[in-house]
Each structure stands twice: as C-alpha cells, then as structure tokens.
Amino acid sequence: MTDIVVTGYGAITPLGLGTEVLFSGLTSSSSGIAALTDPRFAEAGVPDAIAGAVTVDMAELLGKPATRRLDRSQQFALVAAEQAWADAGFDAESELDPERLAAVIGTGIGGLNTLLDQEHVLLERGARRVSPRTVPMLMANAASAQVAMTYGAKAGTYTPVSACAAGAEALATAARLIATGEADVVIAGGAEAAIAPLTVAAFSQAQALAKPDERPAEELSRPFSADRAGFVLGEGAGVVILESAEHAARRGARAHARLSGWAITSDAYHITASDPSGAGQIRAMRQAIKLAGLTPSAVGHLNAHATGTTVGDLSESKAVNEVFEHSPAVTAPKGALGHLVGAAGAVEAIVTIMSLEQQIIPPTRNLSELDEEITLDVVHTQARETTFDHALSNSFGFGGQNVSLLFSKA
C-alpha cells in the first residue's frame, strides 16, 4: 500500500490558537470549557449554558472583511489550514501541481450560526435585508471550498458530513485519494462552529448534554468517570497535510507520523444510539489495524471518542476490550475541550500524532473515579511518559458512523 505521511498540522480549539497550545494545555490538564456569557442564551430560555468556545479574536486573525463574508466554521478551517500548510513547509515558491492537490474538510452541521442569524434578520427586518452571502456561508461544503480556493486544490474538494465522525472521515477519505493515486497531497480535517441556543437546547432535550450544577463549568465534561452525565458542546478546527511518502521525500519534507491504517464502518442500527453490541466500532478498529499490517498488541495508545455520555463511554469501553487483550493507554480529550462535533476527529487525530511524536499521553481531565464497568487503562491525574510506536484514534457519530485512524511513528 502507498505509504502516507503527515507533514503538517494546525488547530484552533477552546484551548487557544495552534497545536502547541492545544497539546501543552491537554498535558497540563487545562480546560477550555466555561460558562457562556452571550445574552442570547438567557433570552432564549437556555440559562447557565456552558461550552468549549474559541475565545481567539477571529477578526484580528483574518481581518474584519473576511469575518463578515465567512461563517465562523469556515474561518476556523482557514486558520487551521494556514498553520498546517506552513508547518508542512509549503510557501509561495513551492512547486506543487494543483491537479495533484485535494481538499477534504468535514463538518457535522456547517454554517449553522449564519442560518440562524439570517432567519432572525428575515423575521425581524424583512427579506430585503437578508445577506446575499447567506447561501455560500451556510452550505456545508463551503469550508472545504474556501480551503481549496486558497491553496488551488484541483484534484477534488470533498466534504464528509458524518456528525461527530466527520473530521476523522476526512482524513480517511484523504488517505484513500492518495492510496488510489488520485492525489499526491491532501489538505484534510474538520471544522465546526455550532454553539448556539438552538443546538444547546436541542442536545439538552435529547438528554445528551451535561447539565450545569454546583460544580465549576470546567468540571462538567467527565469522560469515563463514574459520575459522568453527558457531553459539553465545543467548537474549533483541526487540519493536517497528508502526502504520499514518495512526494514528501522528493521535496525533503519532515514527517510527523505515518497514517498507516484507517477504516470507516456503519452500524445501520439507530439514528443516535450506537449498536449496543459494538460491532461497528469493533470492525473499524480491527480493519484499521489490519490495513496497517499490525496486530492489536502493537498498539500502545488509544485516543478514545469518549464524549462523557453514560451509554456511549461504556459501549466504547466494551468494544475496545473486545479488540485488545490488554488495554492500550487511553486518553479522552473531550474532558478539556468539550465535543467539537465535526472537528473532533481531526483535532484528536492531531493530539494522537503529537502524543506519538513526544511519547507523552495527556491525562483525561475530570476523571476522579473510573466507572467500575469500564476496565480500560485510562490515563488521568497527570500526563504519562511512555514508549509506543503505534496509536489509534476513534471517532463515532450519530447515524452509526464509525471511523478509526491508525498512526505510526515516522
């Protein structure tokens, strides 16, 4: 199989701007989750809302004109892509065939805030005040299109819209494009900006969100904990540059890691609940490991999907136990970041790659007492320095979407 390497990565998350801020924040058990002060939430009857919001000033990064014509999710995608592109060593002088360059940016929801804002304009101010940019700002494929236009990617522009698995599916799709010879380089990742009264209320009504209580906001996302009670919504973007190893070697690029295996499966079971047997998750993990030419015993670290829901964490734990005789060291970044939905899989893939590079596994935040039914080696309290050559990252989404990515040391 074509050897595929990661030559660049970039991120913007609730912990701040950049991958170093992301990884140092996770390893030090920092949190990007806080109470929301936007008055829209109280006005809509959603008081005491919390989320993992990006606090970086996007107008300062991109300029005010760009923030007016781009949905927030598109802004995140462009910022993360710019970091990844620079990290991969590309610049204006780089010779790159645009017909061998593709873009794949996944999202769970797309330009939701644009849609909601313009609906408000329509109802309050009339049809003539609706922005002519509304459609290109709200459409789900706009982030990938904007990235493609920025870097001249003409080998295809793709948009997986697979809920919480979208970002990871983008990387798997990109790997397939390289493996089949359709592209040499792919800009791949996920972006999401769906923190709004409607989404918070809807997820809450679905009994999926952690509800505010007497604890500080940063303690409410508790993956694998015995007292976990749901996820916390987040936002942001993660983007990587994937290349065939041959192409990267020709231009003298440094490789962060190899994407040595990947798999996409579906439960075909329920629109929100995962198959209680874990069959789809198990197949995804096994297929990714098999594609890499490995056995489960070779995997030393697993970045879990683990959102903090009572049922979801337990079903993933059982699936992991079915695949591995002995649990690899597990971490769950959503305790610090919240759930970035369509961006989660891409951001957590970057965390997995950085763990592999630095041989450090970040702790799972807010885990004081492991659920007695979860028999995994979950890293908590403090980061763990260890030695491993291969790591797996899981992403599972509504609709029964399952993606596993297997990264190996370069």
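Calculation notes
- Residues numbered from 1 in each chain as written.
- Predicted model: local features only at pLDDT ≥ 70, side-chain atom pairs only at ≥ 80, totals over all residues.
- Heavy atoms only, no water.
- Helix = DSSP H or I, 4+ residues; strand = E, 2+ residues; numbered from the N terminus.
- Expected span 1.5 Å × (residues − 1).
- Buried < 20%, exposed > 50% of the residue type's maximum accessible area, 1.4 Å probe, protein only.
- Contact = heavy atoms within 4.5 Å.
- Polar contact = N/O pair within 3.5 Å; in protein donor to acceptor, adjacent residues only side chain to side chain.
- Core = buried A, V, L, I, M, F, W, Y, C linked by side-chain atoms within 4.5 Å.
- Phe/Tyr/Trp six-rings, centres within 6.5 Å; stacked < 30°, edge-to-face > 60°.
- Lys NZ or Arg CZ within 6 Å of the ring centre and 35° of its normal.
- Axes fitted to C-alpha atoms, helices over the stretch in contact; angles between N-to-C directions.
- Parallel < 35°, antiparallel > 145°, perpendicular 65-115°, else oblique.
- Left-handed = near helix turned anticlockwise from the far one by under 90°.
- Nonpolar A, V, L, I, M, F, W, Y, C, P; charged D, E, K, R; others polar.
- Salt bridge = Lys/Arg side-chain N within 4 Å of Asp/Glu carboxyl O.
- 1 Å grid on protein atoms, 1.4 Å probe; cavity = no way out; pocket = protein on both sides within 12 Å on 5 of 7 lines; lining within 4 Å.
- Points joined across faces, edges and corners; volume = space filled by probe spheres on them.

Trainee: Go over helix 12 (residues 279-291), please, and point to the residues and values.
Mentor: End to end, helix 12 covers 18 Å across 13 residues, agreeing with the expected 18 Å (1.5 Å per residue, within 8%). Of the positions making up helix 12, those classed as buried are Gly280, Gln281, Ile282, Ala284, Met285, Ala288 and Ile289. In this structure, the buried residues of helix 12 make contact with strand 9 (257-266), strand 10 (301-303), helix 13 (310-323), strand 15 (390-397) and strand 16 (401-409). Where helix 12 ends, the next residue or the one after it, Gly293, has phi of about 75°, a positive value.

Trainee: Outline the side chain of Thr331, supporting the account with residue identities and numerical values.
Mentor: Within the secondary structure, Thr331 sits in strand 11 (residues 329-331). A relative accessible area of 1% means that Thr331 is categorised as buried. At 2.6 Å, the side chain of Thr331 and the backbone oxygen of Pro362 are in polar contact. Apart from the residues within four sequence positions on either side, Thr331 is in contact with His301, Leu302, Asn303, Ala304, Ile361, Pro362, Pro363 and Thr364.

Trainee: Outline the nonpolar core, supporting the account with residue identities and numerical values.
Mentor: Counting 50 residues, the largest nonpolar core has Leu22, Val186, Leu405 and Phe407 as the members making the most contacts within it. Counting residues per element, this core draws most heavily on helix 15 (residues 344-358), which supplies 9 residues. Those residues in contact with Phe407 that sit more than four places away from it in its chain are Val6, Leu171, Arg258, Leu259, Ser260, Ala349, Thr352, Ile353, Leu356, Asp389, His390 and Ala391. Core analysis: the next-biggest nonpolar cluster, separate from the first, contains 31 residues, Leu78, Ala88, Ala237 and Ile241 among them.

Trainee: Tell me about the packing of aromatic side chains, residues and numbers included.
Mentor: Tallied over the entire structure, the rule returns 4 aromatic pairs. Relative to Phe90, the ring of Trp85 lies with its centre 4.4 Å away and its plane at 25°, an arrangement referred to as stacked. By relative accessible area, Trp85 is classed as buried at 12%. Among the residues examined, Phe90 registers a relative accessible area of 6% and is labelled buried. Plain terms: the ring middles of Trp85 and Tyr151 are 4.7 Å apart, the flat faces sit at 40° to each other, and that makes the pair tilted. Placement of Trp85 in helix 5 (residues 72-87) and of Tyr151 in helix 8 (residues 142-151) is noted, with a sequence separation of 66 residues between them. One aromatic cluster is present, formed by Trp85, Phe90 and Tyr151 through successive ring pairs. Here Arg251 stacks its cationic end above the ring of Phe90, 3.8 Å away from the centre of that ring.

Trainee: Help me get a handle on the packing of helix 12 against helix 13, residues and values and all.
Mentor: Taken N-terminus to C-terminus, the directions of helix 12 and helix 13 make an angle of 40°; their axes are 9 Å apart at the nearest point. Classified by the angle between their axes, helix 12 and helix 13 sit oblique to one another. For the crossing formed where helix 12 meets helix 13, the hand is right-handed. Taken together, the residues of helix 13 that come into contact with helix 12 (itself represented by Gln281, Ile282, Met285, Arg286 and Ile289) are Ser315, Glu316, Ala319, Val320, Glu322 and Val323. Class assignment for the residues of the contact of helix 12 with helix 13 results in 6 nonpolar, 2 polar and 3 charged.

Trainee: Break down the pattern of salt bridges for me, citing the residues and quoting the values.
Mentor: Per the stated rule, a full pass over the model turns up 15 salt bridges. Arg254 is the partner of Asp87 in a salt bridge, and the nearest nitrogen-oxygen pair spans 3.0 Å. You can see Asp87 sitting in helix 5 and its partner Arg254 sitting in the loop between helix 11 (245-250) and strand 9, a full 167 residues away along the chain. Under the relative-accessibility criterion, Asp87 is labelled partly exposed at 25%. In this structure, Arg222 and Asp227 form a salt bridge, with 3.1 Å as the shortest nitrogen-oxygen distance. Residues joined by salt bridges that share partners form a network here, namely Asp213, Arg215, Arg222 and Asp227.

Trainee: Can you explain the environment of Val200? Please cite residues and give values.
Mentor: Structurally, Val200 can be placed in helix 10 (residues 197-205). Residues Val200 and Phe41, 159 residues apart in the sequence, show an inter-C-alpha distance of 8.9 Å. In this view, Val200 contacts Phe41, Val46, Ala49, Leu209 and Leu233; residues no more than four positions away in its chain are not counted.

Trainee: Can you lay out empty space enclosed by the protein for me, pointing to particular residues and giving the numbers?
Mentor: According to the stated counting rule, one finds 2 cavities of 30 Å³ or more in the structure shown. The volume enclosed by the largest cavity comes to roughly 40 Å³. Lining of the largest cavity is provided by Ser73, Gln74, Gly106, Thr107, Gly110, Met139, Ala140, Ala142, Ala143 and Ala191. Class assignment for the residues of the lining of the largest cavity results in 5 nonpolar, 5 polar and no charged. If you add up the space inside the second largest cavity, you get close to 40 Å³. Residue lining of the second largest cavity: Leu26, Ser29, Ser30, Ala332, Pro333, Gly335, Ala336, Pro363, Thr364 and Arg365, and that is the complete set. The class makeup of the residues in the lining of the second largest cavity is 5 nonpolar, 4 polar and 1 charged.

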